[in-house]
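A look at the structure
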Amino acid sequence: MNTDTLSGQMIVREAEPLNIEMSFRTLDSLITPSERFFVRCHFPIPEIDVKTWRLKIEGSVEKPLALSYTELRQMESRTLTATLECAGNSRASLTPQPKGTSWELGAVGNAEWTGVPLAAVLERAEMKASAVHVIFTGSDQGEIAEPPRPAGEIQYSRSVPCDKALKDVLLAYQMNGEELTPAHGFPVRVIVPGWYGMASVKWLERIIVSDTPFTGYFQTIDYAFWDRRDGLPERVPITEMRIKAEIARPHIGEVVPAATAYRMHGAAWSGDAHIMTVDISDDAGATWHAARLLGSFMPNAWQLWEHTWQTPAQPGRRTLMARATDSCGHAQPSQHDDDCGSYLVNHCLPIEVEVR
Ligand code: MTE
């Protein structure tokens, strides 16, 4: 495992294409600073000249558009806070270790995004009533290494159904009050609140309104899982984030003093739902104790939590876990669902520490 760090706060999983995660033990704020927000790239970061960049809106629309950056910036903007988690976050905790980037806890972050609601752009383009999906294409491109794969180079693309597109999807040009950085999708990226990060297409250059659901590579081969209907597994695209709580401190392998009050803390999130409870176990899930939720609920943003852990008097190894529930009645499972492959890792993750 590559554990090179950038000033101790970021862990480099791959330098080219760039894939870095936050060292989750450094979590110290509701908003993740942009330079500590994980970066997930499938292909090299494209160089984009904002003067010639155009956002094309085409397909099932009455008025195809090609908006310049200035035109987009002149439209009414909205700011929202949203947590993005990579669908493969925490893959490192699976055994045996599957293929794919070995993310630990830090391929997740919570930022403030400013941009133009997609609904306003679709309204200007006059989306047709026959439309069912809105496809986003990024400027980045490359070849897929592992079969099954399409031949040659492909561009990164993903889609959302029209109801989601019109509800709250943002075409963001700012992150935490500043222009997007190249790694996070400059000049414009999609933000799909409540969904795993793969839907939030960076370096957006084309929006295709489609009369049929999209079945592209990153929609059905990658970033998909087996869902069972009537017992029959069906391949479906990954969409909403599943409920999850992560422990920032103590971290795996941390040595904690015996017989003290230790401040455990972390974050929890769940698609569109509110986090209702976070419980903590210090005996691998045998008993649970309520943690405190910090701050107030913000839609689509993670909820920070803390818990004062009275550490045992006896030295030895302890397995800590956090478990969240939400307003839609979801609770974290105790085991990973194998139908999800190496994605959607949201079971209660064990954090082994040493009490000394
Ligand atoms: N968009 C493009 N064009 N290319 C990509 O490789 N990666 C996706 C998504 N958007 C990707 C993309 C994935 S898998 C995730 S998790 C998020 O971007 C990560 O966003 P971030 O790098 O800003 O954290």
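Residues numbered from 1 in each chain as written. Predicted model: local features only at pLDDT ≥ 70, side-chain atom pairs only at ≥ 80, totals over all residues. Heavy atoms only, no water.

Let's shift gears to the sheet that holds strand 14 (residues 204-210). The strand order 6-5-14-9-10 describes an open sheet built from 5 strands, whose pairing is mixed. If you trace the sheet from one side to the other, it starts and ends with strand 6 (65-68) and strand 10 (153-161), each paired once. The mean inter-strand angle of the sheet, taken between neighbouring strand axes irrespective of direction, is 20°. Relative to strand 14, strand 5 (residues 54-59) is paired through 4 bridges, and the arrangement is parallel. Opposite Glu58, over in strand 14, you have Ile208 as the bridge partner. Of the strands in this sheet, strand 5, strand 6, strand 9 (133-143) and strand 14 touch helix 2 (residues 118-125), which is tilted by about 135° from strand 6. (Pairing = 2+ DSSP bridges. Helix = DSSP H or I, 4+ residues; strand = E, 2+ residues; numbered from the N terminus. Axes fitted to C-alpha atoms, helices over the stretch in contact; angles between N-to-C directions. Contact = heavy atoms within 4.5 Å.)

In this section: the site of the ligand. Around the ligand sit 19 residues in total, of which Phe38, Asp140, His184, Arg189 and Lys202 are the nearest. For the ligand, an oxygen atom lies 2.6 Å from a polar atom in the side chain of Arg189. Backbone polar atom of Ser200 to a nitrogen atom of the ligand: 3.0 Å apart, as the coordinates give it. The protein chains hide 100% of the 530 Å² of surface that the ligand would expose on its own. Looking at the shell around the ligand, the elements that each hand over two or more residues are strand 4 (39-40) and strand 9. (Near = heavy atom within 4 Å. Polar contact = N/O pair within 3.5 Å; in protein donor to acceptor, adjacent residues only side chain to side chain. Areas by Shrake-Rupley, 256 points an atom, 1.4 Å probe, with all protein chains shown as cover.)

Below, the discussion takes up the sheet that holds strand 20 (residues 275-281). Here 5 strands make up an open sheet; going across it, the order is 18-25-24-20-21 and the pairing mixed. Two strands close off the open sheet at either side, each with one partner strand: strand 18 (255-256) and strand 21 (289-290).

A separate point is the side chain of Ser90. Structurally, the position occupied by Ser90 is in the loop between strand 7 (78-85) and strand 8 (108-117). Assessed through its relative accessible area of 2%, Ser90 is described here as buried. Apart from residues lying up to four places away in sequence, Ser90 is in contact with Trp103, Glu104, Leu105, Lys244, Glu246, Val345 and Leu349. (Buried < 20%, exposed > 50% of the residue type's maximum accessible area, 1.4 Å probe, protein only.)

A complete count under the given rule lists 18 salt bridges for this structure. For Glu85, the salt bridge is made with Lys244, and the minimal N-O distance between the two is 2.8 Å. Here the residue Glu85 occupies a position in strand 7, and Lys244 occupies one in strand 17 (residues 244-249), the gap between them amounting to 159 residues. Overall, the relative accessible area of 2% leaves Glu85 in the buried class. Residue Arg229 pairs with Glu234 through a salt bridge whose shortest N-O separation is 2.9 Å. For Arg229, a relative accessible area of 54% corresponds to the exposed category. (Salt bridge = Lys/Arg side-chain N within 4 Å of Asp/Glu carboxyl O.)

That is the geometry; function is a separate question.
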